[in-house]
Amino acid sequence: MGKIQKKGERGAANNYITRTQAVKKLQLTLPDFRKICILKGIYPHEPRKKRKLAKGSSAPKTFYYAKDIQYLAHEPMLEKFAETKIFVRKIKKALGREELDTVQRVRDQKPRYTLDHIVKERYPTFPDAVKDLDDALSLVFLFSTMPRQGRIQTGIINKCRVLAVEFMHYVVAARCIKKVFVSIKGFYIQAEIEGNDITWIMPHQFTTPPPTNIDFKVMLSFLELYTTLLGFVNFKLFSNLNLIYPPKALEEVFTEKSRVYFGDDIYRERLESLNIKLAEVPKDDDDDEIDEELLMGDETLETLAATRKEEGEFKALFKDCKFFLGREIPREIIVLIIRSLGGQVSWDSDSGVASTYDESDESITHHIVDRPSQSHQFLSRCYIQPQWVFDCVNQRKLLTVDEYVPGAILPPHLSPFVHEGAYVPPEQVELLSRDRKDDEDDEKKGESDKKELSAEDKKLALMAMPKKRKALYNKMVHSNKQKAKVVNKLKRKREEIDTSKGAKKQTTAK
């Protein structure tokens, strides 16, 4: 006779474990358990029969895979957490006895750990790390502009600032910016890195007080992982471009007195200005070069050459332009875009370091200002508002400056991140129809070839569909209806705005 199986020891009951059981098994506190789960990428899962696993209880419970918790039990960082507990206990004991010498000695022996092995486990190859850069960059850029408060210490802010400046230097050197959009949250930037489109948010330059309803412990745990990841990625990206890492200005390599001359703070500001040329690693002359003429035989290679030529023209969009920025311009984002597209840029030397030429330079072609009027103007240059730079990037060509002169009512700033089913303004529809006319013709041809199902066929297909797939299909239909409601609401708002504007024009004409 076989062994009798007891209830709750087989199947789903053996595959899942509650959070309380996991904390007891790993002998951790709840904050440490959350931190190790974030670092290792372990997330809770929703079982199918949750109430059965909870033995009939309807109380809210969080379940994890038992295999994931068993995997965490072998993590070396658990020993560091235990050493940290002992460290805190020793500090409290010494402070209670007022033994200041013991406190200093214990603090010098504070346990430290690194996340290098975790980054290697979660991202075994470099393309895997690049694909996960969106959230990492957004969080690092966010904390680089945060004020020092509470758990957000100065060392964390400075580290995030250094990593953000290094990444922006790579974007400038690689010329990989594709799209930019200005919103109330900040600047949405998309760049092509190692064949992947990476999108992140760069906050505005002014700092805002941190909200009180956010748990910064969780965000700092993510930040700890992302700063380690971004450090590895920056090193690899700089190595691929044959640049010295950490980035160094060209004058530091050739002049030993540069740091003494500029000073540490001034030198750091020069690096953060993004307007200096970086030093490169000396190249070997024995490197083999591929002859491009051998690649012109195949048709696919010809189309590839055409696309590369188009990308090369876009990367040199501001090659013949020389910009000068006013004091009121958000300098960092403008310099990042202009320099990454081959342009030259400078500003007043009193408003910041690393300016390369003065306002009186006659070779300046574009002067960017953000004020209604300019008292003193040069006839040899164009005066424009900052939106001209963003619109040129999104439309991938140099636009006319007539609509962007100081004091003029600017055209609508359209988002280049258009998703299927989302609301598209009329101006965006005209722009897309003008730029993608050929693509729309191809899509129409493909749609005409497809056969549409009749209402009866759809009904029969739904009847024959399994229960799980039918539930998923109903969720998709519901989400599409919700999106359509939002789109129709925005369309009605736009119609009301257009009608009100037309009525105002008629009254002013009378």
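Remember, predicted model here, so these are calculated numbers, not experimental data.

Student: How should a positive patch on the surface be read in this particular structure?
Tutor: The grouping of Arg 89, Lys 90, Lys 93, Arg 97 and Arg 105 at the surface amounts to a positive patch. For the positive patch, the element with the highest residue contribution is helix α6 (residues 77–97), accounting for 4 residues. Along the chain, the position of Lys 93 falls in helix α6. Residue class for Lys 93 comes out exposed when judged on its relative accessible area of 51%.

Student: Help me understand helix α2 (residues 19–26), please; the structure alone is not making it clear to me.
Tutor: Along an α-helix, residues three or four apart share an orientation, since each turn contains 3.6 residues. Along α2, the positions that sit buried rather than exposed are Ala 22, Val 23 and Leu 26. Buried positions in α2, seen along its axis, are confined to an arc of 100° and lie on one side of it. Facing away from the buried surface of α2 by more than 90 degrees, the exposed residues are Thr 20 and Lys 24. On its buried side, α2 packs onto β1 (16–18), α3 (30–40), α5 (66–72) and α6. Phi turns positive one or two residues past the end of α2, at Gln 27, with a value near 55°.

Student: What is the right way to read unusual backbone geometry from this model?
Tutor: Most peptide bonds are trans, and most residues other than glycine sit at a negative phi. At the junction of Tyr 245 and Pro 246, the peptide bond is cis and its omega measures out at -5° in the coordinates. If you trace the backbone, Pro 246 turns up in the loop between α12 (216–240) and α13 (250–254). One non-glycine residue, Glu 194, lies in positive phi territory at about 55°. Even without a glycine there, the phi angle at Asn 242 is positive, about 65°. Position of Asn 242 among the secondary structure elements: in the loop between α12 and α13. With a relative accessible area of 22%, Asn 242 lands in the partly exposed category.

Student: In this structure, what is going on with the sheet that holds strand β3 (residues 177–182)? I would like to understand it.
Tutor: In any sheet, the strands associate via hydrogen bonds between backbone groups, in a parallel or an antiparallel arrangement. Taken together, 3 strands build an open sheet; the order of strands is β3-β4-β5 and the sheet is antiparallel. Strands at the two margins of the open sheet, each flanked by one partner only, are β3 and β5 (196–202). Across this sheet, the average inter-strand angle for adjacent strands is 15°, counted without regard to direction. Along the sheet face, helix α18 (residues 387–395) touches β3 and β4 (187–193) and points at about 135° away from the line of β3.

Student: What am I meant to see in the confidence of the model for the protein here?
Tutor: Detail in the predicted coordinates should be disregarded across regions flagged by low pLDDT. Predicted confidence across the protein gives a mean pLDDT of 84, with 86% of residues reaching 70 or more. Throughout residues 253–262 the model reports pLDDT below 50, and contacts reaching past four residues in sequence, or to other chains, amount to 11 contacts. Scored below 50 in pLDDT, residues 288–295 makes 1 contact in the model with residues more than four places away or belonging to other chains.

Student: Quick question: what am I supposed to make of the nonpolar core here?
Tutor: Note on soluble globular proteins: their nonpolar side chains tend to be buried together. If you look at the biggest cluster of nonpolar residues, it comprises 94 residues, and the most contacted ones within it are Phe 167, Phe 318, Leu 336, Ile 337 and Trp 388. Those residues in contact with Ile 337 that lie beyond four places of it in its chain are Ile 177, Val 180, Phe 318, Val 389, Phe 390 and Val 393. Counting 5 residues, the second largest nonpolar core, distinct from the first, contains Phe 87, Ile 91, Ala 94 and Val 103.

Student: Got a minute to help me understand the sheet that holds strand β7 (residues 344–347) in this structure?
Tutor: What the 4 strands build is an open sheet, ordered β7-β6-β8-β9; its pairing is parallel. Two strands lie at the open edges of the sheet, namely β7 and β9 (382–384), each paired on one side alone. The average angle at which neighbouring strand axes cross in this sheet is 25°, direction not considered. As paired elements, strand β6 (residues 322–325) and β7 share 4 bridges and run parallel to each other. By the bridge assignment, Lys 322 is partnered in β7 with Gln 344. Along the sheet face, helix α17 (residues 331–340) touches β6, β7 and β8 (366–368) and points at about 155° away from the line of β7.

Student: Would you explain the environment of Ala 484 in this entry?
Tutor: Following the sequence through the fold, Ala 484 ends up in helix α22 (residues 467–509). A relative accessible area of 33% means that Ala 484 is categorised as partly exposed.

Student: Could you clarify how one ought to interpret the packing of aromatic side chains in this entry?
Tutor: The relative placement of two aromatic rings is captured by the distance of their centres and the angle of their planes. This structure, assessed with the given rule, holds 13 aromatic pairs. Here Phe 167 and Tyr 170 contribute two aromatic rings whose centre-to-centre distance is 6.4 Å and whose plane-to-plane angle is 40°, an arrangement assigned as tilted. Here Phe 167 and its partner Tyr 170 are both found in helix α11 (residues 154–174), 3 residues apart, which amounts to about one turn of the helix. Comparing Phe 167 with Tyr 170, the two get one shared label, buried. Note on Phe 167 and Trp 200: the rings are 5.3 Å apart at their centroids and 85° apart in plane angle, and the pair reads as edge-to-face. Of this pair, Phe 167 sits in helix α11 while Trp 200 sits in strand β5, and the two are 33 residues apart along the sequence. In textbook terms, an aromatic cluster arises when at least three aromatic residues are bridged by ring pairs, as seen for Phe 141, Phe 167, Tyr 170 and Trp 200.

Cut-offs applied
Residues numbered from 1 in each chain as written. Predicted model: local features only at pLDDT ≥ 70, side-chain atom pairs only at ≥ 80, totals over all residues. Heavy atoms only, no water. Patch = residues over 30% accessible without salt bridge, like charges linked within 9 Å, V, L, I, M, F, W, Y side chains within 5 Å. Areas by Shrake-Rupley, 256 points an atom, 1.4 Å probe, with all protein chains shown as cover. Salt bridge = Lys/Arg side-chain N within 4 Å of Asp/Glu carboxyl O. Lys, Arg positive; Asp, Glu negative; His and termini not counted. Charge placed at Lys NZ, Arg CZ, Asp CG, Glu CD. Helix = DSSP H or I, 4+ residues; strand = E, 2+ residues; numbered from the N terminus. Buried < 20%, exposed > 50% of the residue type's maximum accessible area, 1.4 Å probe, protein only. Arc of directions from axis to C-beta. Contact = heavy atoms within 4.5 Å. Pairing = 2+ DSSP bridges. Axes fitted to C-alpha atoms, helices over the stretch in contact; angles between N-to-C directions. pLDDT = per-residue confidence, 0-100. Core = buried A, V, L, I, M, F, W, Y, C linked by side-chain atoms within 4.5 Å. Phe/Tyr/Trp six-rings, centres within 6.5 Å; stacked < 30°, edge-to-face > 60°.

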